[in-house]
Each structure stands twice: as structure tokens, then as C-alpha cells.
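# Secondary and tertiary structure notes
Okay, here's what each chain looks like letter by letter:
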Amino acid sequence: MSTLWQAVLAEWAKLWSVRSTWWCLAFAPVLMVVTALTLGGASATDALRDGRTGVRVAASEPVVSSTSFVQFVLVALAMLVITSEYSSGSIRVTLQATPVRGAVLAGKALVVGPVMFGVGVLSGAVATGLVFAVLSGDLFGGLVVLPIGEVVADLLGVGVFAALVSVMTLGVGAAMRSAAGTLTVVFMLLMGLPLMLLMTGSQVALDVSMRMPMFAGLAFMGSTDNLTGGPIPYSAGEGLAWLLAWTAAALAAGYAVLRRRDA
């Protein structure tokens, strides 16, 4: 059995053996449903108030927007996958069992990524169904619809975004080695720094902000709102490229620290 496969099996077993995994996975769809219903209801109400009765909103559209909030639940879980081992000292056992440190990080990523993809897709599907059930009636003028092709594309986009943000967090966690440091860095990358750059009013700062992970993910998922009332100025493909670049950079940083420093 290869070293990498052994690492994947070990990380899979560890992930499901702690309560924090179950709590985070249970809370993600709940938060997504609540946020998507709130955003979807607000969009439909605004459309009715403005007389835009010909507008149709896909039930998955507010779900995409809700990922800006739900991502932090997934970040918390991905962070704990690595930082909890440093805080408890069990990272020594992990590295003794798998001496190839690149395999340790790869094993964690190969578990975290697919699990978070599934969580994103399933949470999005539940939220989309409930948004359609609640907001498609006459009360909201039938503005919320369920175009299957668009919904499937949105849900897959949510899953990919959830997976990449979680793997990025894993890389940051391997570099920072502490929950507090990881949470601070990831929050600044996803929300704090982009919003601060937007507030400067500088075009250069705006361009930089638009290419940070949160806006790159929104562009990839098809959202056009950059929180300033204007569109995100590039395509879904470029958004995915930027998101992959941030994830790769975080993993590279995590691997560099994991390789050079003792547990």
C-alpha cells in the first residue's frame, strides 16, 4: 500500500472520529438555508416593489450568494483538521506514521476537498429546494423558478468553491500551526482585506480586491455582484483560475513550513 493511500485512509478515519466534524457538517446546511431564504426573499420583494414582474430568479441564485457566509463554517472544519493536531501534540504521531511530509498534507487535502465538495453540493441542494418551495408561490409573484440546468451548474460551482476554500484553509493551517493564526489569516484573505481594499476607493485596490479568493469564487459561481453595485470584471473561468492559484499558494506555503520545521 502506498504512503499516500495510507495517509488518505488515516485522515479519513480521523476526520469522522471527532465531534467537531459532525457539528460543522450539520450547521452548514442550516446556515445556508437561512441565509439563502433571507437573500432570496429580499431579492423577490425588491423586484415586486420595483414592478419588475418579468424578472425571474433561479432558486439557486441566493444559494450562491449565501456561500459568502457559509464558507466560514467550512473554514472552521478545515482549519481543525490540521491545527487540532498541533494543539494536542498528535501531529508527532501522524508524522511518525507517515514520515513523508508531503504525503501527510496531500492526504489531508484529498480527504478535505471531496468531503467539502459533497457538503457544498448537498447543502446547496437542500437550500435550493427550500428556497423554491417557500418563495415560488403567489406571495412573491412566482418570481423564483427552478431551471434545472442553471441549478445544477450553480450547485456544482458551490461544491467546487467549498472544496477549494477548505483546501486553501488547510494549507494556511499547516503554515500557521495554530487555530487563532489560521482563522485570522483566512478571514483576512476571504473577507477582511478585500472589503478594506474596496473602501479605499482606489481603482488599483479594487482590481486587487476583485482577484482575492472570495470575489474570485463568486465570479466562478456566476455571481456578478462585487458589493459596490457593479459587476465582477472577469469571467467564471478566470475566477476559477484565481481561486486555484490562491489554493496552490496556500498549500505550497503549508508544505514549506511542514517540511522545514519540526512538529
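Our subject is the structure listed above.
Here is a short report on the structure shown in this document. (Residues numbered from 1 in each chain as written. Predicted model: local features only at pLDDT ≥ 70, side-chain atom pairs only at ≥ 80, totals over all residues. Heavy atoms only, no water.)

### What to know about the layout of surface pockets
As a volume, the second largest pocket reaches approximately 200 Å³. Lining the second largest pocket are 15 residues, and of these Lys14, Leu15, Val18, Val81 and Ser84 lie nearest its centre. Mapped by element, the contributors of at least two residues to the lining of the second largest pocket are helix 1 (3-15), helix 2 (19-49), helix 3 (61-88) and helix 5 (101-135). Considered class by class, the residues forming the lining of the second largest pocket number seven nonpolar, four polar and four charged. (1 Å grid on protein atoms, 1.4 Å probe; cavity = no way out; pocket = protein on both sides within 12 Å on 5 of 7 lines; lining within 4 Å. Points joined across faces, edges and corners; volume = space filled by probe spheres on them. Helix = DSSP H or I, 4+ residues; strand = E, 2+ residues; numbered from the N terminus. Nonpolar A, V, L, I, M, F, W, Y, C, P; charged D, E, K, R; others polar.)

### Structural notes on the side chain of Thr35
Within the secondary structure, Thr35 sits in helix 2. With residues near it in sequence (within four places) discarded, Thr35 still touches Ser66 and Phe69. (Contact = heavy atoms within 4.5 Å.)

### Observations regarding the environment of Ala241
Structurally, Ala241 is set in helix 10 (residues 236-260). When its relative accessible area of 43% is taken as the criterion, Ala241 is described as partly exposed. Residues Ala241 and Leu74 lie 167 residues apart in sequence; the distance between their C-alpha atoms is 21 Å. (Buried < 20%, exposed > 50% of the residue type's maximum accessible area, 1.4 Å probe, protein only.)

### Regarding empty space enclosed by the protein
According to the stated counting rule, one finds one cavity of 30 Å³ or more in the structure shown. Considered as a void within the structure, the largest cavity measures approximately 70 Å³ in volume. Going through the elements one at a time, helix 2, helix 3, helix 5 and helix 6 (148-176) are the ones with two or more residues in the lining of the largest cavity. Counting residues per element, the lining of the largest cavity draws most heavily on helix 3, which supplies four residues. Grouping the amino acids of the lining of the largest cavity by side-chain chemistry returns eight nonpolar, four polar and no charged.

### A short note on the side chain of Thr21
Along the chain, Thr21 turns up in helix 2. Accessibility expressed as a relative area gives 0% for Thr21, which makes it buried. Dropping the residues within four chain positions of it, Thr21 is found in contact with Leu15, Trp16 and Leu77.

### What to know about helix 6
Between its terminal C-alpha atoms helix 6 stretches 42 Å, which fits the 42 Å expected from 29 residues at 1.5 Å a residue. Judged by how many residues are buried, helix 6 sits mostly within the fold: 21 of 29 residues are covered. Positive backbone phi, approximately 70°, marks Arg177, located one or two places after helix 6. (Expected span 1.5 Å × (residues − 1).)

### Points about the environment of Met221
With respect to the helices and strands, Met221 occurs in the loop between helix 9 (213-220) and helix 10. For the pair Met221 and Ala175, spaced 46 residues apart in sequence, the C-alpha to C-alpha distance is 28 Å. Once you skip the residues sitting within four places of it in the chain, Met221 turns out to touch Val64, Thr67, Asp154, Gly157, Val158 and Phe161.

### Things to note about the packing of helix 3 against helix 6
Put simply, helix 3 and helix 6 touch, their axes get as near as 8 Å, and they point 30° apart. With respect to their mutual orientation, helix 3 and helix 6 come out roughly parallel. Regarding helix 3 and helix 6, the two cross each other, and that crossing is right-handed. The residues of helix 6 that touch helix 3, namely those facing Glu61, Val64, Thr67, Gln71, Leu74, Val75, Ala78, Met79, Val81, Ile82, Thr83 and Tyr86, are Asp154, Val158, Phe161, Ala162, Val165, Ser166, Thr169, Leu170, Gly173 and Ala174. Looking at the contact of helix 3 with helix 6, its residues break down into 14 nonpolar, six polar and two charged. (Axes fitted to C-alpha atoms, helices over the stretch in contact; angles between N-to-C directions. Parallel < 35°, antiparallel > 145°, perpendicular 65-115°, else oblique. Left-handed = near helix turned anticlockwise from the far one by under 90°.)

### Observations concerning unusual backbone geometry
The backbone of Arg177 shows a phi angle near 70°, a positive value even though the residue is not glycine. Looking at the secondary structure, you find Arg177 in the loop between helix 6 and helix 7 (179-200).

### Focus on helix 10
In this model helix 10 runs 36 Å from its N-terminal to its C-terminal C-alpha over 25 residues, within 8% of the 36 Å that 1.5 Å per residue would give. Among all positions in helix 10, only Gly239, Leu243, Thr247, Ala250, Gly254, Val257 and Leu258 are buried. Here the buried face of helix 10 lies against helix 3, helix 4 (91-97), helix 5, helix 6 and helix 9.

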